[in-house]
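Observations on chain architecture
Here are the chains, one letter per residue:
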Amino acid sequence: MESIELRGCSEDELVEICREMGLKRFRAIQLFQWVQQKAVRSWDEMKNIGKGDRQTLSSHFHLYPLERVREQRSEDGTRKYLFRLEDGEMIECVLMDYARTRSRDRHTVCVSTQVGCAVGCSFCATGLEGLRRNLSVGEIVGQVLDITHYVRQEDPDFQVTNIVFMGMGEPLLNYDRVLQAILLLNHGQGLNIGMRRMTISTCGVVPQIIQLAKDNPQVGLAISLHAARDDVRNDLIPMNRRYPLKQLMEACQEYTQITHRRITFEVALTSENSRREDAEAIAGLLKGQFGHVNLIPVNPVAGTGMERPSSELMRKFAQVLEDAGISVSSREERGMDIDAACGQLRRQWEGEL
Ligand code: SAH
Ligand code: SF4
């Protein structure tokens, strides 16, 4: 019998499989809690499950924690992890800690959803090498579990409070698994992370945006907009050729009608898309859309030729949007000293081989 990925199982699935194995329902509930709430990395840690039952369970289930190849800490508290998967592939994951700057602690994990990415945006390190494979549900959830595990070694009360699907890969091209991972992360007997505290970021896969509104209207949506003219956006995000801005904005309107949720529009500013007319085009495009713009200075990736705009240029860009009545924030730069833009650490590491 093929063994089942333990970290990808819902509580109901565990109950059903345990029942077939002749184990009691409460065993399945205990098992779910050890995996999804206490974030254990081995069978031996499941102390209230007897050795006999643990042996039976481990012959049916497969528990493969991610291997921490490298952890880097930034001066601002951001931690970046490079994890090796069971088949040797590498992914990255970032923990952003806002504990010192906010009245309420916020611990956000930036999760990867694929190894590589098929979209191939011109400024992105992940897209440079194409898609290698989708992550499984257990691998997606596993990033949050393993980070929880490691941080709890220093701070036993540590809880991840927010998730952003902004790591490597395009979440809406691994749609079913990402949605299932969200249910696990939200589960009351798991990490219990609120739906509204999780955000999916997409380059604009139109059919899945509408599907998401129907399947999970609670989870947040961020659109990587970057430009408001098709010719400019085509060059930055090849997906724009398939789903141009008109279709994307129609999907956003529909999304808002269904969910009543405000969309975040991400705009990574490079020296090429930060002119006044670029800002005016974005203001025009977003007129009447229930949204918020998040400006990010591009993180220069070797080989892409992209440069960061000056902070003066960014300020002016934000002003144009504000003057047009659009809600705008400039994202704090985090983890600059550790190459926190996803895909960068993996490339750097491979360069050392
Ligand atoms: N594929 C999804 C989510 C992963 S990328 C998407 O494209 O939205 C997460 C975010 O990082 C996106 O907004 C993306 O445009 C941005 N990004 C990628 N490379 C970047 C870089 N070098 N500098 C700044 N932002 C970058
Ligand atoms: Fe893929 Fe997002 Fe990178 Fe574009 S920005 S290549 S969609 S991961």
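Quick caveat: nothing in here was measured; it's all calculated off a predicted structure.

**Overview of the packing of aromatic side chains**
For the structure shown, the criterion picks out one aromatic pair. Both rings, one in Tyr81 and one in Phe83, keep their centres 5.6 Å apart while their planes meet at 10°; by these two values the pair is stacked. According to the relative accessible area criterion, Phe83 is buried, its value standing at 0%. The positively charged end of Lys38 is found above the aromatic ring belonging to Trp34, 4.4 Å away from the centroid. Sitting above the plane of the Tyr150 ring, Arg68 keeps its charged end 3.6 Å from the centroid.

**Regarding helix H10 (residues 276-285)**
Three or more residues of H10 are buried, namely Asp278, Ala279, Ile282 and Ala283. In a view along the axis of H10, the buried residues occupy a sector of 140°, so they form one face of it. Turning to H10, the residues buried within the fold contact strand E12 (263-269) and helix H11 (311-323).

**Concerning the nonpolar core**
In this structure, Leu31, Met46, Phe61, Ile163 and Leu295 are the most contacted members of the largest nonpolar core, which totals 105 residues. Counting residues per element, this core draws most heavily on helix H4 (residues 137-152), at eight residues. In this structure, this core is formed jointly by two domains, domain 1 (4-62) and domain 2 (67-352), each of which donates at least three residues. Apart from the residues within four sequence positions on either side, Ile163 is in contact with Val109, Val111, Val144, Leu185, Ile193, Arg197, Met198 and Thr199. Counting five residues, the second-largest nonpolar core is a separate cluster that includes Val94, Met96, Tyr98 and Val164.

**Digging into the site of ligand 2**
Around ligand 2, the neighbouring residues are Cys117, Val119, Gly120, Cys121, Cys124, Gly127, Gly169, Glu170 and Cys203. Classifying every residue of the shell around ligand 2 by side-chain character gives five nonpolar, three polar and one charged.

**Re the packing of helix H6 (residues 206-215) against helix H9 (residues 245-259)**
At a closest axis distance of 9 Å, the pairing of H6 and H9 adopts a crossing angle of 0°. Relative to H9, the element H6 is oriented roughly parallel. On H9, the residues touching Val206, Ile209, Ile210, Leu212, Ala213 and Lys214 of H6 are Gln247, Leu248, Ala251, Glu254, Tyr255, Ile258 and Thr259. Of the residues contributing to the contact of H6 with H9, the split by class is nine nonpolar, two polar and two charged.

What counts and how
- Per chain, the residues get numbers from 1 upward, laid out in the order the sequence is written.
- Chains and ligands are labelled by the order in which they are written, letters from A for the one and numbers from 1 for the other.
- Note on the predicted model: pLDDT of at least 70 is required for a residue's local features to be given, and 80 or more for side-chain atom pairs to be given and counted; whole-chain, interface and lining totals, by contrast, use all residues.
- Hydrogens and waters are ignored; side-chain quantities use all the structure's heavy atoms.
- The criterion for an aromatic pair is that two Phe, Tyr or Trp rings (for Trp, the six-membered ring) have centres within 6.5 Å, with stacked assigned to planes under 30 degrees apart, edge-to-face to planes over 60 apart and tilted to the rest.
- Residue burial is assigned from relative accessible area. The probe radius is 1.4 Å, only protein chains are included, and a residue is buried under 20% of its type maximum, exposed over 50%, and partly exposed in between.
- Over a ring means this: the NZ of a Lys or the CZ of an Arg is within 6 Å of the ring centre and within 35 degrees of the ring normal.
- We count a stretch as a helix when DSSP gives it H or I for four or more residues in a row; a strand needs E for two or more, and each element gets its number in order from the N terminus.
- Each C-beta atom gives one direction from the helix axis, and the arc is the one those directions make.
- The contact criterion used is simple: two residues touch if any of their non-hydrogen atoms lie within 4.5 Å.
- What is meant by a nonpolar core is a set of buried Ala, Val, Leu, Ile, Met, Phe, Trp, Tyr and Cys residues, joined one to another through side-chain atoms within 4.5 Å.
- Residue ranges for the domains trace back to a domain assignment, done automatically or taken from a database.
- Neighbouring residues are identified by heavy atoms, a residue being near a molecule or strand if any of them is within 4 Å of it.
- Under this grouping Gly is polar, as are all residues other than the nonpolar Ala, Val, Leu, Ile, Met, Phe, Trp, Tyr, Cys and Pro and the charged Asp, Glu, Lys and Arg.
- Axes here mean lines fitted to C-alpha atoms, for a helix over just the part in contact, with angles spanning 0 to 180 degrees between N-to-C directions.
- Angular relationships are summarised with four words: roughly parallel below 35 degrees, roughly antiparallel beyond 145, roughly perpendicular across 65 to 115, and oblique for the angles in between.

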